[in-house]
Amino acid sequence: MSAEPSLAATLAELGQPGYRHRQVTEAKRAGAEGFDEVSTLPATLRAQLSERLPFWSMTPEREAVSADGTRKWLLRAPDGVAVELVLIAHAAGRRTACLSSQAGCALACRFCATGAMGPGRDLSSDEIVDQALLATRAAAEAAARLTNVVFMGMGEPLQNLDAVLPAVRAIHAPEGLGLSARKIAVSTVGWVPGITRMSAEEVPARLAISLHAADDDTRSELMPINLRYPIANLLAECRRYCDTTGRRVFIEYLLLDRVNDAPADARRLATLLRDGRFHVNLIEYNPTAGPYRASPPERREAFQRALARSGIEASLRRSRGADVAAACGQLATGGSG
Ligand code: SF4
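Everything numeric here is computed off the predicted structure, so don't read it as measured data.

### So, the overall build of the protein chain
Part 1: Within the protein chain, the secondary structure is distributed over 12 helices and 10 strands.
Part 2: For 337 residues, the compact-globule estimate of 2.2 N^0.38 gives 20 Å, and the protein chain sits close to it at 20 Å.
Part 3: With respect to the principal axes defined by its C-alpha atoms, the protein chain has extents near 65 × 40 × 40 Å.
Part 4: Burial analysis of the protein chain (337 residues in total) assigns 47% to the buried set.
Part 5: In the protein chain, the proportion of contacts linking residues at least 24 apart, taken out of those at least 6 apart, comes to 68%.

Listed below in structure tokens is the structure:
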């Protein structure tokens, strides 16, 4: 299975200038449903594009709406591949889109429903940008605004940087979605070669690391990638990234009851991160079919206190959309939809 030819490649093949791509993006954002509705394109080009590729690289097939306003869609590509897109609702009309980068995942993190699906194909840049455009339109329909984009949906984005980086640039570009680099986050479980590449290229996004444990034994049990890139190697690469880009790295830490949530874990975490170029986000766990449970509030608070006493301030990210399996770690196209 493979993605459709890209819009950029098709326009280049037709000898069209680069700004045609922008015109299509603008029309999609404004509500067009086909190339024939992109009035800024010449009529012949509209017909040529309609013959060669679908207007949307992925289309919504099913939707679920959470009690908290979070929405989740199953999107399908013409080759049958499916992924999930989540639009998280916040106060004051703000929305965050959680984008997928692969239709499955080979990295098999034990707490993750996508990992349980096994590997799937890489999404194309068009397929990723179309998720952001669909999210923008859905937000506008609800009189809200897409303010943030996170690559925390299905797949490991750093294993698909050839598509993710152009998508990030399109989402950031003023003629694309115009989101600032601070509002775009690329999240990895620790694919070190991808972090090296993110250091080398100017990427208008924040880097987030799903660390989830402060010792190698626990982390390797939760996330087999740790056997290949243990914590010390991963954090060393993160420090290089900070030095090269001048940016901080966001550390995501999923709190799992009696797995990684003891005060001693918090102290170990603080020791690992003590040079201050990291910001920690603690995340509530949402149950999947796996063996883990969320940390109860008293353990969560004790963990946060122990971190603070060790000099690390951490934010707590509340779960959104868990009732429709749209929350962190719950996305899977064979799931409850
Ligand atoms: S957490 Fe991310 S990297 Fe790990 S299995 Fe799930 S999708 Fe893959």
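### What to know about the site of the ligand
Part 1: Close contacts around the ligand come from Cys105, Leu107, Ala108, Cys109, Cys112, Thr114, Gly115, Met154, Gly155, Glu156 and Val189, and that covers them all.
Part 2: Per-class residue counts for the shell around the ligand are seven nonpolar, three polar and one charged.

### Let's talk about the environment of Thr196
Part 1: By the secondary structure assignment, Thr196 is in helix α7 (residues 192-200).
Part 2: Classification of Thr196 by C-beta neighbours within 10 Å gives partly exposed; the count is 14.
Part 3: In sequence terms Thr196 and Cys238 are 42 residues apart; their C-alpha atoms lie 8.6 Å from each other.

### Brief notes about unusual backbone geometry
Part 1: Positive phi is not limited to glycine here, since Ala108 has a value of about 55°.
Part 2: Mapped onto the elements of the fold, Ala108 is located in the loop between β4 (94-98) and α4 (113-117).
Part 3: Positioned with a positive phi, Ala143 is a non-glycine residue whose angle comes to about 55°.
Part 4: By the secondary structure assignment, Ala143 is in the loop between α5 (125-141) and β5 (145-151).
Part 5: Among the residues examined, Ala143 registers 7 C-beta atoms within 10 Å and is labelled exposed.

### Quick notes on the environment of Arg71
Part 1: Residue position: Arg71 is located in strand β2 (residues 71-76).
Part 2: For Arg71, a count of 21 C-beta atoms within 10 Å corresponds to the buried category.
Part 3: In this structure the C-alpha to C-alpha distance between Arg71 and Asp130, which are 59 residues apart in sequence, comes to 16 Å.
Part 4: Once you skip the residues sitting within four places of it in the chain, Arg71 turns out to touch Glu63, Val65, Leu87 and Ala138.

### Observations regarding the sheet that holds strand β6 (residues 184-188)
Part 1: One open sheet accounts for 10 strands, arranged β1-β2-β3-β4-β5-β6-β7-β8-β9-β10; its pairing is mixed. Sheet topology places β1 (59-65) and β10 (314-317) at the edges, where each strand pairs with a single neighbour. Within the sheet, the average angular offset between the axes of one strand and its neighbour, ignoring direction, is 25°.
Part 2: Where β1 meets β2, six bridges bridge the pair, whose relative direction is antiparallel. Paired with Pro60 across the two strands is Leu75, which belongs to β2.
Part 3: Helix-sheet contacts for α5 involve β1, β2, β3 (82-89), β4 and β5, and the interaxial angle to β3 is about 40°.

### Some points on the pairing of β2
Part 1: Where β1 folds back on β2, the antiparallel hairpin that results is connected by five residues, among which Gly69 adopts a positive phi of roughly 95°.
Part 2: Two elements, β2 and β3, share six bridges in a ladder whose sense is antiparallel. If you follow Lys72 over to β3, its bridge partner there is Val86.
Part 3: Linking two consecutive strands that pair antiparallel, namely β2 and β3, is a turn of five residues; a positive phi of about 95° is found at Gly80 within it.

### Considerations on the packing of α5 against helix α6 (residues 161-172)
Part 1: In contact at an axis separation of 8 Å, α5 and α6 are set at 35° when each is read in the N-to-C sense. Our pair here, α5 against α6, has a crossing hand that is right-handed. Two secondary-structure elements touch here, α5 through Ser125, Ile128, Val129 and Ala132 and α6 through Ala163, Val164, Pro166, Ala167, Ala170 and Ile171.
Part 2: Class assignment for the residues of the contact of α5 with α6 results in nine nonpolar, one polar and no charged.

Procedures and definitions
Residues numbered from 1 in each chain as written. Predicted model: local features only at pLDDT ≥ 70, side-chain atom pairs only at ≥ 80, totals over all residues. Helix = DSSP H or I, 4+ residues; strand = E, 2+ residues; numbered from the N terminus. Rg over C-alpha atoms; globule rule 2.2 N^0.38 Å. Buried ≥ 20, exposed ≤ 12 C-beta atoms within 10 Å, placed from the backbone. Contact = placed C-beta atoms within 7 Å. Near = placed C-beta within 6 Å. Nonpolar A, V, L, I, M, F, W, Y, C, P; charged D, E, K, R; others polar. Pairing = 2+ DSSP bridges. Axes fitted to C-alpha atoms, helices over the stretch in contact; angles between N-to-C directions. Left-handed = near helix turned anticlockwise from the far one by under 90°.

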